[in-house]
Structures are given as structure tokens and as C-alpha cells.
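Overview (structure and organization)
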Amino acid sequence: MVCMSKSAPNSAPADSDVFTALDAALAKRRMSDPAHSYTASLYAGGVAAISEKIDEEAAEVIEAARGDDDSHVVHEVADLWFHCMVLLQSRGLDSTAVRDELARRFGVSGHEEKAARGGHGGDNA
Ligand SMILES: N=c1c2ncn([C@@H]3O[C@H](COP(=O)(O)OP(=O)(O)OP(=O)(O)O)[C@@H](O)[C@H]3O)c2ncn1[C@@H]1O[C@H](COP(=O)(O)O)[C@@H](O)[C@H]1O
């Protein structure tokens, strides 16, 4: 039996990976009319338009982080991640590249990694 999510009626089956499904949806939007697809309108605006939205959404994440509403933080982080995924697509990449990079880093202390590069690990510099 395929179980569909109640909160996202147009989503892929609940047991699938939404990042993979969204990568595929965003790739398809390369062929879409900007008048009918928000994603296509971002592609049409190029890196300037996409970066402007990332800048705006990052600021909204920070603003939400100053408040007490966890759902607001999640909403704004989702907006930010979505626009970052659009940026990746605009360069012919997808979330797999970021997953691979995070996997490569997994288990490596940020302090140790920075020290190995000759940086200072413990001072937030
Ligand atoms: N996940 C998203 C998604 N997340 C955010 N957004 C849009 O990103 C925009 C965010 O801009 P704003 O912050 O200015 O919007 P807002 O409503 O003022 O935001 P807040 O003030 O509430 O934070 C809004 O238009 C959102 O609808 C998204 N648009 C599309 N998707 C996915 O992309 C698919 C393709 O969408 P289209 O290209 O539009 O067909 C969709 O089926 C979804 O799966």
C-alpha cells in the first residue's frame, strides 16, 4: 500500500526522499514557462535573482531565530533550502552533491578540520 502524506497532497509517497523528488521536480522546471512556474522564473532571472532570494531567505531565517516560534524557524529554513536547491540546479548540480560533501565531512571535527588547514579551531574566527 502506498501511503500519501496528508500535509502535502501533491508530494511523492511519504516513504520516499523529498530531496530526491524535489531535485527531479526542479530539473523538470528547466523546461517550464516562468509564468506558470516560480522555479522557472528564478532560472530565468539567473544567478542574480536566485542569489537575491537566498540573501532574503537567509535574513528571514536569522530573524526567525531571534524569536520563540520553532515552526517559523522551520518554515524559513525550508524556504532557504529550497532556494539553495534551485541554485544548485541552475549550475547543473543537485542535492546529491551537498549530501556527498556532508558525508565526506561526517565525523570530522570542525575544529580539527580547520586546524588541518592552518586555521584556528576554537575561536570562531
Ligand atoms: N518547495 C517549494 C517552495 N518553497 C518555497 N517556495 C516559494 O518561494 C517563495 C518564497 O518567497 P517569499 O519569501 O517572498 O514568499 P512569502 O510568501 O512572502 O514568504 P514568507 O514571508 O511567508 O516567508 C514563495 O513564492 C514560495 O511559494 C517554493 N516554491 C516551490 N517549491 C517546490 O517546487 C515545486 C515547483 O514549483 P513551481 O516551480 O512553482 O511549479 C513545487 O511543487 C514545490 O515542491
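The structure this text deals with has already been given above.
Residues numbered from 1 in each chain as written. Predicted model: local features only at pLDDT ≥ 70, side-chain atom pairs only at ≥ 80, totals over all residues. Heavy atoms only, no water.

For the coordinates displayed, the defined rule picks out two aromatic pairs. Seen in terms of ring centroids, F19 and W81 are 6.0 Å apart; in terms of plane orientation they differ by 45 degrees. Their pairing is tilted. Of this pair, F19 sits in helix α1 (residues 18–28) while W81 sits in helix α3 (residues 70–90); the two residues are 62 residues apart in sequence, bridging distant segments of the chain. Overall, W81 belongs to the partly exposed group, its relative accessible area being 48%. Plain terms: the ring middles of Y38 and F82 are 6.3 Å apart, the flat faces sit at 25 degrees to each other, and that makes the pair stacked. Remark: F82 occurs in helix α3 and Y38 occurs in helix α2 (residues 38–65); sequence separation between them is 44 residues. Relative accessible area serves as the criterion here: at 43%, Y38 is assigned to the partly exposed category. (Phe/Tyr/Trp six-rings, centres within 6.5 Å; stacked < 30°, edge-to-face > 60°. Helix = DSSP H or I, 4+ residues; strand = E, 2+ residues; numbered from the N terminus. Buried < 20%, exposed > 50% of the residue type's maximum accessible area, 1.4 Å probe, protein only.)

A few words on the site of the ligand. Taken together, 15 residues surround the ligand, and among them S37, Y38, T39, K53 and E57 come closest. Measuring from an oxygen atom of the ligand, one finds a backbone N or O atom of Y38 at 2.9 Å. One of the side-chain nitrogen or oxygen atoms of E56 is found 3.4 Å away from an oxygen atom of the ligand. For the ligand, whose unbound accessible area comes to 840 Å², protein coverage reaches 53%. Of all the secondary structure elements, the ones that give two or more residues to the shell around the ligand are α1, α2 and α3. When residues in the shell around the ligand are grouped by element, the largest group, six residues, is from α2. Of the residues contributing to the shell around the ligand, the split by class is four nonpolar, four polar and seven charged. (Near = heavy atom within 4 Å. Polar contact = N/O pair within 3.5 Å; in protein donor to acceptor, adjacent residues only side chain to side chain. Areas by Shrake-Rupley, 256 points an atom, 1.4 Å probe, with all protein chains shown as cover. Nonpolar A, V, L, I, M, F, W, Y, C, P; charged D, E, K, R; others polar.)

Evaluated as defined, the whole model comprises six salt bridges. Taking the shortest distance from any N to any O, the salt bridge between E101 and R105 comes out at 3.0 Å. Of the two residues, E101 and R105 are both situated in helix α4 (residues 95–105); the distance of four residues between them amounts to about one turn of the helix. Bridged by salt links that share partners, the residues K53, E56 and E57 form one connected network. (Salt bridge = Lys/Arg side-chain N within 4 Å of Asp/Glu carboxyl O.)

Our focus in this paragraph is the packing of α2 against α3. The interhelical angle for the contact between α2 and α3, taken along N-to-C directions, is 150 degrees, at an axis separation of 8 Å. Our classification of the angle between α2 and α3 gives roughly antiparallel. Our pair here, α2 against α3, has a crossing hand that is left-handed. Considering only residue class, the contact of α2 with α3 consists of 17 nonpolar, five polar and five charged. (Axes fitted to C-alpha atoms, helices over the stretch in contact; angles between N-to-C directions. Parallel < 35°, antiparallel > 145°, perpendicular 65-115°, else oblique. Left-handed = near helix turned anticlockwise from the far one by under 90°.)

The next subject is the packing of α1 against α3. Between α1 and α3, the least distance of the axes is 10 Å, while the angle of their chain directions is 55 degrees. By the criterion of interaxial angle, the relationship of α1 to α3 is oblique. Crossing of α1 over α3 shows right-handed handedness. Every residue of α3 that contacts α1 at F19, L22, D23, L26 and A27 is listed here: W81, F82, M85, V86 and Q89. Looking at side-chain class alone, the contact of α1 with α3 contains eight nonpolar, one polar and one charged residues. (Contact = heavy atoms within 4.5 Å.)

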